[in-house]
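Each chain, written out:
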Amino acid sequence: MSRQDVAADRVLSFTLKFGAYTALALIVTGLVLQFVAPWGAKVASAGLLVLLATPALRIIAACGQFLHERDFKYALVSFGVLAIVLLAYFLGIQA
Amino acid sequence: MTLAVLLLLIVTGFCAGGFGALAGVGGGIIVTPMLAIYFGLPMHQAIGVTLLCVIATSTATSALYVERHVTDVRLGMTLELATTVGALIAALVAHSINRRTLAVLFACFLLYSSGSMMKKAWTSRNAKREETIPDYTPQNYPVGLAASFIAGGFSGLLGIGGGPIKVPVMFLFMKVPLRAAAATSNFMIGVTAATSAYVYWGRGNVRIDIAAPLVAGVFAGSLLGARISSKVRAFYILILVIGVTGWFAVQMIYKLLTGGFQ
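Along each chain, residues carry numbers from 1 onward, in the same order as the chain's sequence is written. A letter from A marks each chain and a number from 1 marks each ligand, given out in the order of writing. Reporting of local features is limited, given that this is a predicted model, to residues whose pLDDT is at least 70; pairs of side-chain atoms are given and counted only at 80 or more, and all residues count toward the totals for whole chains, interfaces and linings. Neither water nor hydrogens contribute to the side-chain values; these are computed over all heavy atoms in the structure.

Draft legend 1. Highlighting the interface of chain A and chain B. Every residue pair with non-hydrogen atoms within 4.5 Å of one another is taken to be in contact. On the side of chain B, 43 residues touch chain A, which itself brings 46 residues to the contact. In short, buried area is how much 1.4 Å probe accessible area vanishes from two parts on joining, totalled over both. Summed over both sides, the interface of chain A with chain B buries roughly 3,900 Å², with 79% coming from carbon and sulfur. By the criterion of area lost to chain B, the three top residues of chain A are A:Leu51, A:Leu52 and A:Arg58, representing 16% of everything that side buries. Salt bridge, as applied in this entry: a Lys or Arg side-chain nitrogen positioned within 4 Å of an Asp or Glu carboxyl oxygen. Joining chain A to chain B, the criterion identifies three salt bridges. As a salt-bridge pair, B:Arg74 and A:Glu69 come within 3.0 Å of each other at their nearest N and O atoms. Pairing of N or O atoms within 3.5 Å defines a polar contact, subject to two protein rules: one partner must be a possible hydrogen donor and the other a possible acceptor, and residues neighboring in sequence count only if both atoms are side-chain atoms. Our count for the contact surface shared by chain A and chain B stands at eight residue pairs in polar contact (both at pLDDT 80 or more). Each residue gets one label: Ala, Val, Leu, Ile, Met, Phe, Trp, Tyr, Cys and Pro are nonpolar, Asp, Glu, Lys and Arg are charged, and the others, such as Gly, are polar. Partitioning the side of chain A that touches chain B into residue classes produces 33 nonpolar, seven polar and six charged.

Draft legend 2. Up close: the packing of aromatic side chains. What counts as a ring pair is set by centres within 6.5 Å for rings of Phe, Tyr and Trp (its six-membered ring), and what kind of pair is set by the plane angle: stacked under 30 degrees, edge-to-face over 60, tilted for all other angles. Scanning all chains against the criterion turns up seven aromatic pairs over all chains. Judged by centre distance (5.8 Å) and plane angle (45 degrees), the ring pair of A:Phe66 and A:Tyr74 falls under tilted. Overall, the relative accessible area of 4% leaves A:Phe66 in the buried class. We classify A:Tyr74 as buried; its relative accessible area is 13%. Members of the aromatic cluster, each reached through a chain of ring pairs, are A:Tyr89, A:Phe90 and B:Tyr198. Working definition: with a 1.4 Å probe on protein chains only, accessible area under 20% of the residue-type maximum means buried, over 50% means exposed, and in between means partly exposed.

In structure tokens, the structure reads:
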């Protein structure tokens, strides 16, 4: 494991944690609030949207990290995965 | 929704996430049958909600495994090229498959998973944990990519992560150490599930009122499970999960034979 990989793992793991805790906080807040305010459910669904966005975010983080390391082969691979995920997103909206 | 149902969903999610992270299986094999059998959700909706739980498990556990350098991000990213294509195609097709067929496929998958977990329990009963991961270079990418495509397809169709397909292939054919294979599969299932979740969400098959409490439980359960996984012996948890999975399989088959899942 090179030192670069260690740094890359730190960036990626931060992205994952940030997404996980933000989504969890929004969902829990929303679940509690929905008993006192009608818009509480909206906060919970915002949390689910954050959750849905985290996989795309982790690909972008990995892609950025590969570019930073000048590992263009894997930057291209990540970009390809991102393209398929975004295609699914746009097909999903239209479905 | 009553408070009791809400709490029940949170607890279900917590158990699925916790046991999933400890036994190294996605929560999907627990959540989908629970929703379809006991909460009476149509299969497509049960699967749509489960996909969100799979993303939650993957995000929570990967945060830890990536930090501990167990996850092979390059390998995962490469195989995701195939899982996402499989997941996208399957999610688009799933819409036109009827509920009973989906339930039959799911019951088969439950039986396969119990079998594969039994094998894992048998081989791991006396094995010592791999403390450090030996150096390796993944081999045989064509086989890995083909298996990933199929795993992605099952994920889009049934809402499960596809770990029981990918992990053995990575271990046996690609010569990746078991712990690295499991962590890498965990990393991948989030991206795979998201691909099909977008399609299910767009078609209105993600019930937000059910998904929100479940996902909250799954997050808490898998964060805790991943954290204590190195201190707990997986053997007994595996036996428990095999029992639960087997029970769900029997229940689903019974419900199918008595004309359920219409």
